[in-house]
Amino acid sequence: MSTAHTHEHHEAPKGLGRWVFSTNHKDIGTLYLLFSLLMFIVGGAMAMVIRLELFQPGLQFVHPEFFNQMTTMHALVMIFGAVMPAFVGLANWMIPLMIGAPDMALPRMNNWSFWILPFAFAMLLSTLFMDGGGPAGGWTLYPPLSLQSGNSFAFVIFAIHLMGISSIMGAINVIATILNMRAPGMTLLRMPLFVWTWLITAFLLIAVMPVLAGAVTMLLTDRFFDTSFFNAAGGGDPVMFQHIFWFFGHPEVYIMILPAFGIVSEIIPAFARKPLFGYASMVYASASIAFLSFIVWAHHMFTVGMPLGGELFFMYATMVIAVPTGVKVFNWVSTMWRGAMTFETPMLFALGFVVLFTIGGFSGLMLAIVPADFQYHDTYFVVAHFHYVLVTGAVFAIMAGAYYWLPKWTGHMYNEKLGKFHFWWSAIWVNVLFFPQHYLGLAGMPRRIPDYSVQFADFNMISSIGGFAFGVGQLLFVYIVIKTIRGGEKAEARSWEGAKGLEWTVPSPAPHHTFDTPPELDDSQLAHGGGH
Amino acid sequence: MSTPASDPNPSDRADTQQAANRRLIRRLLVVTVLMFGFGFALWPLYNVFCAITGLGGRTGQVTNEEANAQALVGDERWVTVTFDANVDVKLPWRFQPYEKTMQVKVGELTETHYLAVNTTDQSIVGQAVPSVAPGEASLYFNKTECFCFSEQVLEAQQSRDMPVRFIVDPELPHDINTLTLSYTFYLQGDATAELHQHDHEHHPHQNQDDASASHTGP
């Protein structure tokens, strides 16, 4: 495998081949980000179908079976198609630039790990048009329900296998890049936090994606080859699937939030014009969150009938996660304390993240309380919780990162007025969309049901209105991105006054090849320079 | 962590970096494969864990002698046992307990009956899978006789009384006062097919439906 480019400088090749055969980390990063944006729109369209059906009680627009396919597909597309590829795209673009490396460590594998994804999602989405339809038993694929799916289920499982292979290859690449490709002097504790959180995320991916692959393989053999891993009639146990799945599933939750922590930890210091408060504690907090994520899985399944001791263990372990997460929130707030803050769009999204993600964190703590969870389990309260941490958490952080680095990627400044409008529109409507769902859940409305009793009608209508408005607002984001790619005010190398880090030492747009010779590190240029 | 980039010669640097990358990839791939295996290893681990803790709700089997031994140490303590019956959608049987709930003296062998009815015109083989809730109690719930110990064959339209003899261990924790014994009957597809094939061999002049109807049972 070719690693460091010591050969002569050349410009980007032209035409379609540039994208199909690319081994350039910037091109592949762009592909990942555009793919993620496309999937965000596809998954969003599915969410619109869900909110449309739930606009009023009764069955109005879609068949219940199709509704169930929409909830399942919306989750799979958003998790594996939108959020995860967006983070991998950001990693591809930014990690080499941030650590002064010429490219990713394994550029050809990089090409593979991206190009698997369009095929995986073509296969996943094509099940919607097959006999038996797409998966409809929820994205968690719990047996015995998921084992009653049609034959198209095999395609779903194969698609998940492909997504897993893509993620694992991406993760191996990130680890090899960070451990082997850093510029001289870029010690581990000088790395930007985005690099740190991605390093930890990559280890999580390698640890748990294979477990998911194992779990869905067992589903596959149970469904098609007469094994009985999860089939009680043959001596298996369906609850075991939930254990295996959440052993993957909980670290997966942190896979989707740790890089977001990293992005926000880059942006807040830049616009507060102060170094990040408590850099080392941020690193240790991320690592402890990653460790804890392996020992809390059963809090997703308190109601399966665990002994009291088990429930207490998983409850307390879950609550302990609030400590390192709290450290992070306090550090972000302390970074802003007495800073010379300005509120450009990336900063607005980062601040929105800090506030709204914290709300999602608190509802997570409520869910962690075993006696309360029996009431909340599988209600809209859970839906509200994970949308606060994933939409106003992960997605807001990705938006923040996109606005922050768009000038570096495209060489143009985006339209600040439109960006700010996009933020405020999103921040208001996302709360109209998801906040009422807390009340719906507390009142007992179950999730994944196309119809509901009339007492839930008002809050559902409010939530749906919020959903439509939030959804339309994201088309504005697409418009802003396309407009910025096409043109706009020229961006300087250091596009933001307070921005630090090696990525701002190269011109905007970043040339096709950067850091062919390792950069000289200058502490005043680094976000986290100097001793610790 | 070594920084390979500190090597002054660029081509050496590329070589050492490639070697380092290869080493790292190899290690990470090993981790990936091990974790894939770990997913499957969770299956036996889970079963062992459940057998020790009783979490799976599997009930135990004891001999009459063992049951009598438990009876000797039993004191005056009563618990409620409720009985539950389910039939998998693929099995066209009716299945229900005669008694929905019983007061049971701890440490005393107790007998109750379930009724199973084959509602079709074919003989069918079924297998009942028991489960006790709460899971912790399953460690203290043992049976000397149960229809779930073996496959059950019901002829066309046949109904059968099926006894369960069980004993609740006096060691049952004192915070457990109610136990639920639940059975789910599943179709044994292979055994049923075999049964019908068997019928054909013995009654070659009859069609399959007649064969099942006239079959006198094992």
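Everything here concerns the structure above.
Rules of the game
- Residues numbered from 1 in each chain as written.
- Chains lettered and ligands numbered in written order.
- Predicted model: local features only at pLDDT ≥ 70, side-chain atom pairs only at ≥ 80, totals over all residues.
- Heavy atoms only, no water.
- Contact = heavy atoms within 4.5 Å.
- Buried area = accessible area lost by both parts, 1.4 Å probe.
- Salt bridge = Lys/Arg side-chain N within 4 Å of Asp/Glu carboxyl O.
- Polar contact = N/O pair within 3.5 Å; in protein donor to acceptor, adjacent residues only side chain to side chain.
- Helix = DSSP H or I, 4+ residues; strand = E, 2+ residues; numbered from the N terminus.
- Nonpolar A, V, L, I, M, F, W, Y, C, P; charged D, E, K, R; others polar.
- Buried < 20%, exposed > 50% of the residue type's maximum accessible area, 1.4 Å probe, protein only.
- Pairing = 2+ DSSP bridges.
- Axes fitted to C-alpha atoms, helices over the stretch in contact; angles between N-to-C directions.

### Section: the interface of chain B and chain A
Then step 1. Taken together, the contact between chain B and chain A spans 34 residues of the former and 41 residues of the latter.
Then step 2. Here chain B meets chain A over a buried area of about 3,300 Å², counting both sides, of which 70% is carbon and sulfur.
Then step 3. Summed over the three residues of chain B that lose the most area to chain A, namely B:L28, B:W43 and B:Y46, the buried surface amounts to 18% of that side.
Then step 4. Taken together, the links from chain B to chain A amount to zero salt bridges.
Then step 5. Taken together, chain B and chain A are joined by five residue pairs in polar contact (both at pLDDT 80 or more).
Then step 6. Residue contributions to the side of chain B that touches chain A peak at 22 residues, all from helix α1 (residues 10-53) of chain B.
Then step 7. By residue class, the composition of the side of chain B that touches chain A is 21 nonpolar, nine polar and four charged.

### Things to note about the side chain of B:R77
All names here are of chain B.
Then step 1. Tracing the backbone through its elements, the reader meets R77 in the loop between α2 (64-73) and β2 (78-87).
Then step 2. Using a relative accessible area of 9% as the deciding quantity, one classes R77 as buried.
Then step 3. Setting aside anything within four residues of it in sequence, one finds R77 in contact with V104, K105, V106, P170, L172, P173, H174, I176 and N177.

### Section: the sheet that holds strand β10 (residues 178-187) of chain B
Pairing between the strands of a sheet comes from backbone hydrogen bonds, and it takes one of two forms, parallel or antiparallel.
Residues and elements named next belong to chain B.
Then step 1. Taking strand neighbours across the sheet as the criterion, the five strands line up as β4-β2-β10-β6-β8 in an open arrangement whose pairing is mixed. Only two strands of the sheet have a single partner each, and these edge strands are β4 (101-105) and β8 (152-154). Here the average twist between neighbouring strands, direction ignored, is 35°.
Then step 2. In terms of strand pairing, strand β6 (residues 124-133) meets β8 through three bridges, oriented antiparallel.

### Notes on the sheet that holds strand β1 (residues 60-61) of chain B
Residues and elements named next belong to chain B.
Then step 1. With respect to topology, five strands assemble into an open sheet ordered β1-β7-β9-β5-β3, the strand pairing being mixed. For this open sheet the edge positions go to β1 and β3 (93-97), each flanked by a neighbour on one side alone.
Then step 2. Examined bridge by bridge, β1 and strand β7 (residues 141-145) share two bridges and lie parallel to one another. Bridge assignment links Q61 to a residue of β7, and that residue is K143.

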